Structures are given as C-alpha cells and as structure tokens.
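Examination of the molecular architecture
Listed below are the residues making up each chain.
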Amino acid sequence: MKTQLDIYQEVTNKITDLLSQGIIPWHRPWMGTKAGAVSYTTRRPYSLLNQMLLTGSGEYITFNECKKLGGKIKKGAKSSMVVFWKMYPRQKRDLTGAAVLNADGEPKIERIPILRYYRVFNVKDCEGITPHEQPEEPITNPIEEGERVIAEYLERESGLTFRPCLSNRAYYSPSLDTVVVPELSQYDKPNKYYATTFHELTHSTLKESRCNREADNKNAHFGNKDYSQEELVAELGCAYLMASCGIDTPETVTNSAAYIQGWLEALINDKKMIVGAAGSAEYAAEYILTGEHRTY
C-alpha cells in the first residue's frame, strides 16, 4: 500500500539539499514577482516557497492542463511539486477533547490550514504548447524603487524609527521599535544596503500591531529554534522585497557560514520550519509593500 506523501519532508529536503551545497536559494536573481516561475494558465507568478521548489524560471503547467490544450509531455520530462494551503473548517475542541461552544450553545467552528500539493511541468518540456509572449518589464531605477518601499513603509508605521548611521551593526530593537543599519556610504554596492535594510525591516513586522510574531520570539536567542525561524523569515522577506523592487541580489550574506549551519540544523530537526517561515515572510513582505493585514 502506498504511503501518503509527506509534503513537509519533501519541501525541507529540497531546501536542506541546496543549503548543504552552500547554495542560499532565496538569494537567486529570479526570486519574486518580476522574474521567475509563473503559471502558464493564470500567468501569475508562483509564491515565494514555490519559486524555491521550482528553482527555475519559465512557465509551468499541469499534465491535465497540457492535455486539455492539445499538448503532450515530452518523453523523460520530470515534474516538479508546487504546494498551496487550503483552509478547512472543523469543530473547535478544548484540551480534554470536549467541544467548545459559543454564547448561544452552538459548537464553535475554526478554520485550520492544510498543506496540499500538485505537480507541474515546464512548458519547455511540452510539445504542442506555445509559450506566452512575455511582456517587457518597465525600466525602473532599483535604487529609487528601494527608497520608495522604505519611505512608504515608514510613513505608514509612525511609531517605527529608521536610523542609517556610521555603524558596524545592523539590528532591529523591538523594545525601542527602531531599525539601525550602516549608512549607504559603507557599502561597496548599493544593493547590499537595501538587502541589509529589508532584512531588518522584515524583523520589524514581528510587532503585534503588524504581523504578530512577537509572542513566538519571546524566548529567541542566538542558535535556538525560535531565533533560526525568525532569521529565516527575515532572509526570505528580504529576498522577496529585493526581487519585487527589481534589485539584483548577490549570493552572499554577512556571516553566512554561521547562519547557514544554524538554519540547516534547525530545518533538519523541524521539517515544517521552512514552510512556516516562507508563509510568514510573504505576509511580512506584503505588509511592508501594502500595509495590509492578511485575511482568510
């Protein structure tokens, strides 16, 4: 009898394999919305997590969609997994297993996220399917775009202080609600400044009034699971913001060796961590970009 595919484990295996090779997958230039993997049918970019799972740009299509359009998959072509969340209702229960009732005595219903998956093929591996013509991307100044994202976020978050200064440290202080980064003149390339800034601004979204990860980080300290989880959120959020701005991201991170080893150990010990971190990172990045809270 076939055992059910462990989606979490497959996702984690993919990411940990890349990390083991010294590759940081969320620092590839195709990550995000302006380049990367898109759905052939909807022409929309895949989520950040699915961009990592596909690890390649281009249009992707399911077997059934390809067949419906009169095409066929080339012999020997391999599919890739993409994942998505579905919210399922269930009756809420307390720690003893008893049903929780509302004020009217009716059972309370809660919605829980369940991870599902399907498999897709790159259109290049299909016969009889013509790739869509890709629209030309507007020419934008990545520095200006980065400044715009920072300025608009700070304008919305009146309590948040952003302080670029001559410094050897970059950090976010939750107690002071302050982000400190070395000033632009200290970087040999401007994109490194925006990478550092976006990383710390993603940390700032942990506040309860923003993306509400504060309770999860009360016991965080260097090297433990909570710290590793938050660092993953910040790095993934940074990559999403960099790509959304059209800023080319270098494949290096300050102190990357120490961080990668910490992430790798945490990922192996908790197969759901990368999935949770990716979801939190997308929420954080979208909040920075739009100021909107996620709703289900």
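Preceding this paragraph is the structure being described.
This write-up is about the structure you can find in this document. (Residues numbered from 1 in each chain as written. Predicted model: local features only at pLDDT ≥ 70, side-chain atom pairs only at ≥ 80, totals over all residues. Heavy atoms only, no water.)

Some words on the sheet that holds strand β1 (residues 37-39)
Taken in spatial order, the 4 strands of this open sheet run β1-β2-β5-β4, and their pairing is mixed. In this open sheet, the two strands that pair with only one neighbour each are β1 and β4 (80-91). Neighbour-to-neighbour, the strand axes of the sheet open up by a mean angle of 45 degrees, direction not taken into account. Note: strand β2 (residues 58-61) against strand β5 (residues 109-122), 2 bridges, orientation antiparallel. Across the sheet, the residue bridging to Y60 is N122, located in β5. (Pairing = 2+ DSSP bridges. Helix = DSSP H or I, 4+ residues; strand = E, 2+ residues; numbered from the N terminus. Axes fitted to C-alpha atoms, helices over the stretch in contact; angles between N-to-C directions.)

Let's talk about the sheet that holds strand β8 (residues 171-173)
What the 3 strands build is an open sheet, ordered β7-β9-β8; its pairing is mixed. Only two strands of the sheet have a single partner each, and these edge strands are β7 (161-165) and β8. Across the sheet, the axes of successive neighbouring strands diverge by a mean angle of 15 degrees, strand direction being ignored.

A short note on the pairing of strand β9 (residues 178-182)
Extensive coverage of β9 is indicated by the burial of 5 of its 5 residues. The pairing of β7 with β9 spans 5 bridges and is classified as parallel. Each residue of the ladder has a partner; that of R163, found in β9, is V180. The sheet contact formed by β8 and β9 spans 3 bridges and is antiparallel. Of the residues in β9, the one forming a bridge with Y172 is V179. Two successive antiparallel strands, β8 and β9, enclose a turn made up of 4 residues, where D177 displays a positive phi of approximately 50 degrees. (Buried < 20%, exposed > 50% of the residue type's maximum accessible area, 1.4 Å probe, protein only.)

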